[in-house]
Amino acid sequence: MVSKRLMMGLNHEDIPESDWDQIKAVMLCVERLLGDNKYLTGNTVTIADLFMVTSLTFLEVFNFDITPYKKVHAWVERLKVALPYYDEINTVPLKSFKVAVDSGEMTAQVKAAHAAMKAK
């Protein structure tokens, strides 16, 4: 939802409240999925954790706060410790992407790409 809006050239201020409501519902589902587990499928990190953590932390680009979702927040913090490469594969790229989004650079690039595709 949010990433689709971004790809259409919108920034975080332009995301409709209904999209945020859907994201909040997803966060509640992940809370339930985690239950009492350390990780998504139990007590061992799996590819499911890697996939989901990159998807959920992407929301930071749009200033979405995961801290109200206690289990999700604790899970992300556990992954930061459990994965020695977490910063390299997630934190660093997210910070760079956030700078591009916040500066308007990403929106300008997306609009230019859409214009180029339409011109073909």
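Data block above holds the structure.
To start, this report covers the structure provided alongside it. (Residues numbered from 1 in each chain as written. Predicted model: local features only at pLDDT ≥ 70, side-chain atom pairs only at ≥ 80, totals over all residues. Heavy atoms only, no water.)

## Thoughts on the side chain of glutamate 31
Reasoning step 1: Note that glutamate 31 resides in helix α2 (residues 17–34).
Reasoning step 2: Buried and without a salt bridge, glutamate 31 has lysine 71 as its closest oppositely charged side chain, separated by 5.9 Å.
Reasoning step 3: Within the local environment of glutamate 31, its side chain forms a polar contact with the backbone nitrogen of valine 72, the two atoms lying 2.7 Å apart. (Helix = DSSP H or I, 4+ residues; strand = E, 2+ residues; numbered from the N terminus. Buried < 20%, exposed > 50% of the residue type's maximum accessible area, 1.4 Å probe, protein only. Lys, Arg positive; Asp, Glu negative; His and termini not counted. Salt bridge = Lys/Arg side-chain N within 4 Å of Asp/Glu carboxyl O. Polar contact = N/O pair within 3.5 Å; in protein donor to acceptor, adjacent residues only side chain to side chain.)

## Some thoughts on the environment of valine 72
Reasoning step 1: If you trace the backbone, valine 72 turns up in helix α4 (residues 70–82).
Reasoning step 2: Judged by its relative accessible area of 0%, valine 72 is buried.
Reasoning step 3: Measuring from C-alpha to C-alpha, the distance between valine 72 and leucine 34 comes to 7.6 Å, with 38 residues separating the pair along the chain.
Reasoning step 4: If sequence neighbours within four positions are ignored, valine 72 has contacts with Met27, Val30, Glu31, Leu34, Leu56 and Ile66. (Contact = heavy atoms within 4.5 Å.)

## Let's talk about the packing of aromatic side chains
Reasoning step 1: In this structure the tally under the stated criterion is four aromatic pairs.
Reasoning step 2: An aromatic cluster is defined as three or more aromatic residues linked by ring pairs; in this entry it consists of Trp20, Phe64 and Tyr69. (Phe/Tyr/Trp six-rings, centres within 6.5 Å; stacked < 30°, edge-to-face > 60°.)

## Notes on the nonpolar core
Reasoning step 1: Membership of the largest hydrophobic core comes to 26 residues, with the highest contact counts inside it found for Met27, Val30, Leu56, Phe64, Val72, Trp75 and Val76.
Reasoning step 2: Contributing elements (two or more residues each) for this core: α2, α3 (47–57), α4 and α5 (86–103).
Reasoning step 3: Here this core gets five residues from one element, more than from any other, and that element is α2.
Reasoning step 4: With residues near it in sequence (within four places) discarded, leucine 56 still touches Met27, Val30, Val72 and Trp75. (Core = buried A, V, L, I, M, F, W, Y, C linked by side-chain atoms within 4.5 Å.)

## Quick look at the pattern of salt bridges
Reasoning step 1: If you walk through the whole model with that rule in mind, you get two salt bridges.
Reasoning step 2: In this structure, lysine 24 and glutamate 17 form a salt bridge, with 3.8 Å as the shortest nitrogen-oxygen distance.
Reasoning step 3: A relative accessible area of 32% places lysine 24 in the partly exposed class.
Reasoning step 4: Assessed through its relative accessible area of 49%, glutamate 17 is described here as partly exposed.
Reasoning step 5: Lysine 80 serves as the salt-bridge partner of glutamate 77, at 3.2 Å between the closest nitrogen and oxygen. Remark: lysine 80 and glutamate 77 occur in helix α4; sequence separation between them is three residues, near one turn of the helix.
Reasoning step 6: We classify glutamate 77 as partly exposed; its relative accessible area is 33%.
Reasoning step 7: Classification of lysine 80 as partly exposed rests on a relative accessible area of 35%.

## Concerning the packing of α2 against α4
Reasoning step 1: α4 packs onto α2 with a crossing angle of 70° between their chain directions and a minimal axis gap of 8 Å. Between α2 and α4, the crossing angle belongs to the class labelled roughly perpendicular. Seen along the crossing, α2 lies across α4 with a hand that is left-handed. The residues of α4 that touch α2, namely those facing Met27, Val30, Glu31 and Leu34, are Lys70, Lys71, Val72 and Trp75.
Reasoning step 2: Of the residues in the contact of α2 with α4, the class split is five nonpolar, no polar and three charged. (Axes fitted to C-alpha atoms, helices over the stretch in contact; angles between N-to-C directions. Parallel < 35°, antiparallel > 145°, perpendicular 65-115°, else oblique. Left-handed = near helix turned anticlockwise from the far one by under 90°. Nonpolar A, V, L, I, M, F, W, Y, C, P; charged D, E, K, R; others polar.)

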